[in-house]
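# Structural overview
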Amino acid sequence: MGRTPLRLYMSMSVDGYVTGPDDRPGQELGRGGGRLFNWLDDRMSDGINGQVYAEAASTGAVISGRRTFELANRWHGDHHDGVPIHVLTHHVDPADEPPGSAKFYTDVDACAAEAREAAGDRAVLVHGAGAAQALLAAGQLDELELHLVPVLLGDGRRLFEPTGLGHVELELVRRLEGRNATHLRYRIVHRDGQQP
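Residues numbered from 1 in each chain as written. Predicted model: local features only at pLDDT ≥ 70, side-chain atom pairs only at ≥ 80, totals over all residues. Heavy atoms only, no water.

- With an unreviewed UniProt entry as reference, the chain is termed Dihydrofolate reductase, source organism Kutzneria kofuensis.

See the structure below:
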């Protein structure tokens, strides 16, 4: 891969949900959505789940959707290790000063470019379904790291609603079996068939 990868990290149920129903402040993961994160109980282990968590925590920048950023209480300005947080939003209120290293963006391409530059030779961690969809539509999303959890939530927020993008090919580049999750990494095959 020639450019610093933008990699979505997302826990997901087998039926495609990334939260349970009614995700909101005070119930950020929705009803029953906490089940998607049981694998993080092993995040400090030497096993597969610990490895995957350590990889996410070693990324050099973060891109988040505004909704995810707010539901996460803005990570109090520090997602991990003080790396820059780039927040995609539809509107920037000049009076709203984000905490810590966070910065708001309305331009997807500018957000992606600045996150790549900030990350250097490390990957950029992407959070949020909305951010993932916007980056994918702009041709900026490079990889999906899906933590597939063996549960059917039945309702909630889906990772990919119909986007109008049509057919998108993915290439499986890694599959790891952890406790309570199968970690699947896919490379997005862009329309011209070339890797970024």
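### A few points about the overall build of the chain
- Across its full length, the chain carries four helices and 10 strands.
- Secondary structure elements in the chain, listed N-terminal to C-terminal, are β-β-α-β-α-β-β-α-β-α-β-β-β-β.
- For a compact globule of 196 residues, the expected C-alpha radius of gyration is about 16 Å, and the chain comes in at 16 Å, within 12% of that figure.
- In terms of its C-alpha atoms, the chain occupies a principal-axis envelope of roughly 45 × 40 × 35 Å.
- Each of the 196 residues in the chain was classed as buried or not, and the buried ones make up 47%.
- Partitioning the intrachain contacts of the chain with sequence separation of at least 6 by distance along the chain shows that 67% fall at a separation of at least 24.
- As displayed, the chain offers around 9600 Å² of accessible surface, 50% of which is attributable to carbon and sulfur atoms.
- With 20 positive and 28 negative side-chain charges, the chain shows a spacing of 3 Å between the two charge centroids. (Helix = DSSP H or I, 4+ residues; strand = E, 2+ residues; numbered from the N terminus. Rg over C-alpha atoms; globule rule 2.2 N^0.38 Å. Buried < 20%, exposed > 50% of the residue type's maximum accessible area, 1.4 Å probe, protein only. Contact = heavy atoms within 4.5 Å. Areas by Shrake-Rupley, 256 points an atom, 1.4 Å probe, with all protein chains shown as cover. Lys, Arg positive; Asp, Glu negative; His and termini not counted. Charge placed at Lys NZ, Arg CZ, Asp CG, Glu CD.)

### Considerations on the sheet that holds strand β9 (residues 169-178)
- Pairing is mixed in the open sheet, where eight strands are placed in the order β5-β4-β3-β6-β1-β7-β10-β9. Only two strands of the sheet have a single partner each, and these edge strands are β5 (102-105) and β9. Strand-to-strand, the axes of this sheet are offset by a mean angle of 25°, without reference to chain direction.
- In this structure, strand β1 (residues 6-13) lies alongside strand β7 (residues 143-149), joined through seven bridges in parallel fashion. Bridging across to β7, M10 finds its partner in L146.
- Contacting β1, β6 (124-127), β7, β9 and β10 (181-189), helix α1 (residues 48-57) crosses the sheet at an angle of about 130° to β9. (Pairing = 2+ DSSP bridges. Axes fitted to C-alpha atoms, helices over the stretch in contact; angles between N-to-C directions.)

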